[in-house]
Amino acid sequence: MSVAPATAHSAVSLSGVSRAYRDRRGSAVQALTDLSLEIPNQSVLAVVGPSGCGKTTLLELICGLQRPDAGEVSCEPAVLMPQRDLLLPWLSALDNAALALRVARHSRSYARGRARELFAELGLAGFERSRPHELSGGMRQRVAFLRTLLSGKPVLCLDEPFGALDAITRAQMQGWLDDALRREPRTVALVTHDVEEAIVLADRVVILSPRPGRVVAEIDVDLPRPRSRTDGAVIALRERALLALGQEQDR
Amino acid sequence: MRRNVGSILAPLLLALAVLGVWELYVDLHGVDPLVLPAPHAMAVEAWNNGGLLWSNFTITAEEVVLGLALALVCGFAMAVAIHLWAPIRRAVYPHAVGSQAIPIAVIGVLLCYWWGFGIFPKLFVIALICFFPVVVTTVDGLAAVDPDQLKLLRTLDASRWQAFRFAELPAALPAALSGARIALAVGVIGAYIAETSTPSTGPHAGLGHEITADLTALQTPRAYAATAVLFLFAITCFYALSIAERKLAPPVNRQ
């Protein structure tokens with residue numbers, strides 16, 4: 001195995017990757033087997049699969065938090081946005097967003113300044129000094145996304161970023177993420193169990209099998225943005241994806 | 001404002017009730033003052049010996065404050081070392097537990113041999129008695145940080161020190177302060193143990209010393225009066241720390 005710089009066209013490339021982990025009882029669980037995928041520069045790849053198919057393991061491999069047992073992972077520097085927002089309760093919203101810059105040893109005033117610029121864009125103006133527990137779930141998630149964005153890394157790994165939100169807030173957040181990525185394009189690996197979310201946001205959707213996860217279907221989403229979930233083409237692709245998922249689960 | 005009045009009035013009323021029952025019990029049963037002096041006898045003793053109690057109190061108070069400061073600094077430093085380096089944890093933790101079983105009288109002479117009759121042996125004893133709760137609570141607080149939080153900081157390329165500074169240290173602060181409060185509660189009795197188990201010179205050697213001397217001299221009411229001073233001092237210290245805590249750790253930090 002090796003972790004090498006990415007190729008010219010792909011920011012992230014995994015080939016023949018396998019990874020096992022030990023569960024709480026100490027027995028080995030094969031999370032991924034022989035998984036290969038590529039994410040072209042500045043495109044969004046959504047990874048969909050049944051729960052426990054190794055999606056989180058996949059993101060941790062991309063972020064370099066784990067190493068593959070076999071195969072090759074090569075990617076540009078990646079940052080993780082975990083499922084839970086993991087904001088620090090003793091910091092203000094602004095300081096939480098600026099955390100990546102503080103870690104990169106920028107001065108407090110510079111870090112806050114950079115974060116403040118983006119606060120307004122994300123509809124967070126006026127909440128700079130609020131503590132995380134004073135914010136709504138959607139706002140906390142936006143602050144967490146800002147923290148991810150401000151790390152300046154070319155690859156963003158989003159682990160079910162809107163999974164904990166109610167349907168209305170989730171739809172708003174998807175629209176807002178789509179906007180943010182069009183303004184500031186990045187390479188994104190988006191893990192989700194919501195097929196519709198995958199089709200609305202991604203350039204390409206990869207469907208994983210139940211554990212051990214491997215790619216069973218790939219769907220290119222070549223539709224103009226912003227996409228509406230009620231659009232005929234979106235619904236057609238959603239059906240295709242659900243079918244692929246269902247076949248895999250029936251097996 | 002009403003809450004403030006209540007928080008002073010409620011303990012005051014309880015104290016008055018206890019003292020009243022105590023007074024009645026001693027008077028009605030004719031208990032010997034050598035066994036249990038009546039509250040009014042304590043008050044008379046305190047009034048007549050105000051100067052003596054005060055000068056002994058200042059000595060004990062100095063010991064408690066400095067000894068606690070030493071305990072907090074050492075306990076916190078040890079907790080951080082134990083948290084950051086597993087070998088230190090393995091080597092040091094069992095001995096830190098064992099140190100709590102040392103009867104101080106056993107090492108009293110040694111401490112005097114090293115540092116003489118001054119204040120330092122007493123500070124050492126107080127610190128020895130008080131550091132342990134600080135270590136245990138701080139180590140647990142540092143270890144209780146969400147592992148996902150540390151993972152996140154790693155993907156932001158945080159160094160070990162930065163993970164400590166940004167996540168672990170602030171998260172452990174409330175636990176460390178709880179440890180400090182426990183340390184404080186045992187700090188005053190620690191001063192008594194320190195004074196009675198290490199030799200001192202002169203008549204003014206702290207309240208603990210005075211209590212022992214009074215008890216042997218059958219001056220029981222005065223020993224009780226001195227004890228009352230210790231009782232009040234412990235309460236004062238506890239609330240002083242609570243105020244410091246409010247300044248140091250904002251409310252959201254204490255979940």
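Note that the coordinates shown come from a computational prediction; the quantities given were computed from them, not determined experimentally.

What follows covers the overall build of chain A. Looking only at helices and strands, chain A has eight helices and ten strands in total. Along the first, second and third principal axes, the C-alpha set of chain A runs to 55 × 45 × 40 Å. Taken across its 251 residues, chain A has 44% of its residues classed as buried. Counted over contacts in chain A with a minimum sequence separation of 6, partners at least 24 positions apart contribute 72%.

Okay, the nonpolar core next. Ranked by size, the top nonpolar core spans 128 residues in total, and within it Ile62, Cys157, Ala189, Leu190 and Val205 of chain A together with Ile126 of chain B carry the most contacts. When residues in this core are grouped by element, the largest group, 17 residues, is from helix 8 (residues 160-197) of chain B. Each of domain 1 (3-77 + 154-250) and domain 2 (88-152) of chain A accounts for three or more of the residues forming this core. Those residues in contact with Val205 of chain A that sit more than four places away from it in its chain are Ala46, Val48, Ala198, Ile199, Ile219, Val221 and Ala241 of chain A.

All names here are of chain A. A rise of 1.5 Å per residue sets the reference length of helix 4 (residues 108-121), with its 14 residues, at 20 Å; its end C-alpha atoms lie 21 Å apart and thus fit the reference within 8%. Within the sequence span of helix 4, burial applies to Ala111, Arg112, Ala115 and Phe119. The arc that holds the buried residues of helix 4, viewed along the axis, is 90°, so those residues lie on one side. Of the exposed residues in helix 4, those oriented more than 90 degrees away from the buried face are Ser109, Tyr110, Glu117 and Ala120.

Residues and elements named next belong to chain A. An order of 6-7-8-4-9-10 is seen for the six strands of this open sheet, with the pairing classed as mixed. Because the sheet does not close on itself, it has two edges, and the strands there are strand 6 (78-81) and strand 10 (215-220). Neighbour to neighbour, the strand axes of the sheet diverge by 20° on average, direction disregarded.

Let us look at unusual backbone geometry. That bond from Arg225 of chain A to Pro226 of chain A is cis: its omega, -5°, falls within 30 degrees of zero. By secondary structure assignment, the location of Pro226 of chain A is in the loop between strand 10 and helix 8 (232-250). Despite not being glycine, Asp157 of chain B has its phi angle at roughly 65°, a positive value. Position of Asp157 of chain B among the secondary structure elements: in the loop between helix 7 (147-155) and helix 8. With phi around 55°, Leu218 of chain B is a residue other than glycine that occupies positive phi space. Among the structural elements, Leu218 of chain B can be located in the loop between helix 9 (207-216) and helix 10 (220-248).

Two quantities define a packed helix pair, namely the angle between the axes and the distance from one axis to the other. All names here are of chain A. At a minimum axis distance of 10 Å, the contact between helix 5 (residues 137-150) and helix 6 (residues 167-183) shows a crossing angle of 30°. In this view, helix 5 runs roughly parallel relative to helix 6, as classed from their interaxial angle. Considering only the axes of helix 5 and helix 6, their crossing is right-handed. Across the interface between the two elements, Gly137, Gly138 and Gln141 from helix 5 touch Thr169, Gln172 and Met173 from helix 6.

Turning our eyes to something else, we now look at the domain arrangement of chain A. Residue and element names in this part refer to chain A. Assigned domains within chain A: domain 1 (3-77 + 154-250) and domain 2 (88-152). When each unit is reduced to the centre of its C-alpha atoms, the spacing between domain 1 and domain 2 is 25 Å. At the junction of the two partners, domain 1 supplies eight residues and domain 2 supplies five residues.

Before going further, it helps to examine the interface of chain A and chain B. Buried accessible area, meaning the area lost when the parts come together, often serves as the stated size of an interface. Each side of the interface is counted separately: chain A has 16 residues, and chain B has 19 residues. At the level of secondary structure, the elements contributing two or more residues to the side of chain A that touches chain B comprise strand 6 and helix 3 (99-103) of chain A. When residues of the side of chain A that touches chain B are assigned to their parent elements, the largest contribution, three residues, is made by helix 3 of chain A. Grouping the constituent residues of the side of chain A that touches chain B by class yields twelve nonpolar, two polar and two charged.

Residue and element names in this part refer to chain B. You can see Val106 is positioned in helix 5 (residues 104-115). On the basis of neighbour count, Val106 is assigned to the exposed category, with 9 C-beta atoms found within 10 Å. Val106 sits 91 residues away from Ser197 along the chain, and the two C-alpha atoms are 8.3 Å apart.

This next bit is on the packing of helix 3 (residues 50-84) of chain B against helix 10 of chain B. All names here are of chain B. Where helix 3 meets helix 10, the axes come as close as 11 Å, and the angle between the chain directions of the two elements is 40°. Comparing their axes, helix 10 and helix 3 come out oblique. Both helix 3 and helix 10 take part in a crossing whose hand is right-handed. Mapping the contact onto sequence places Leu53, Phe57, Ala61 and Val64 in helix 3 and Ala225, Ala226, Val229, Phe233 and Cys237 in helix 10.

With that settled, consider the pairing of strand 8 (residues 187-192) of chain A. All names here are of chain A. Counting buried positions over the six residues of strand 8 gives six, a clear majority of the element. Neither face of strand 8 is left uncovered, since the one carrying Thr187, Ala189 and Val191 and the one carrying Val188, Leu190 and Thr192 both have all their residues buried. With five bridges connecting them, strand 4 (residues 44-48) and strand 8 associate as parallel partners. Within strand 8, the residue paired with Val48 across the bridge is Thr192. In this sheet, strand 8 lies alongside strand 7 (residues 155-159) in parallel orientation, the contact comprising five bridges. Residue pairing across strands places Asp159 opposite Val191, the latter belonging to strand 8. A crossover links strand 7 with its parallel partner strand 8, the connecting element being helix 6, and its sense is right-handed.

Rules used throughout
Residues numbered from 1 in each chain as written. Chains lettered and ligands numbered in written order. Predicted model: local features only at pLDDT ≥ 70, side-chain atom pairs only at ≥ 80, totals over all residues. Helix = DSSP H or I, 4+ residues; strand = E, 2+ residues; numbered from the N terminus. Buried ≥ 20, exposed ≤ 12 C-beta atoms within 10 Å, placed from the backbone. Contact = placed C-beta atoms within 7 Å. Core = buried A, V, L, I, M, F, W, Y, C linked by C-beta atoms within 7 Å. Domains from an automatic or database assignment. Expected span 1.5 Å × (residues − 1). Arc of directions from axis to C-beta. Pairing = 2+ DSSP bridges. Axes fitted to C-alpha atoms, helices over the stretch in contact; angles between N-to-C directions. Parallel < 35°, antiparallel > 145°, perpendicular 65-115°, else oblique. Left-handed = near helix turned anticlockwise from the far one by under 90°. Nonpolar A, V, L, I, M, F, W, Y, C, P; charged D, E, K, R; others polar. Right-handed = clockwise from strand over helix to strand, strands pointing away.

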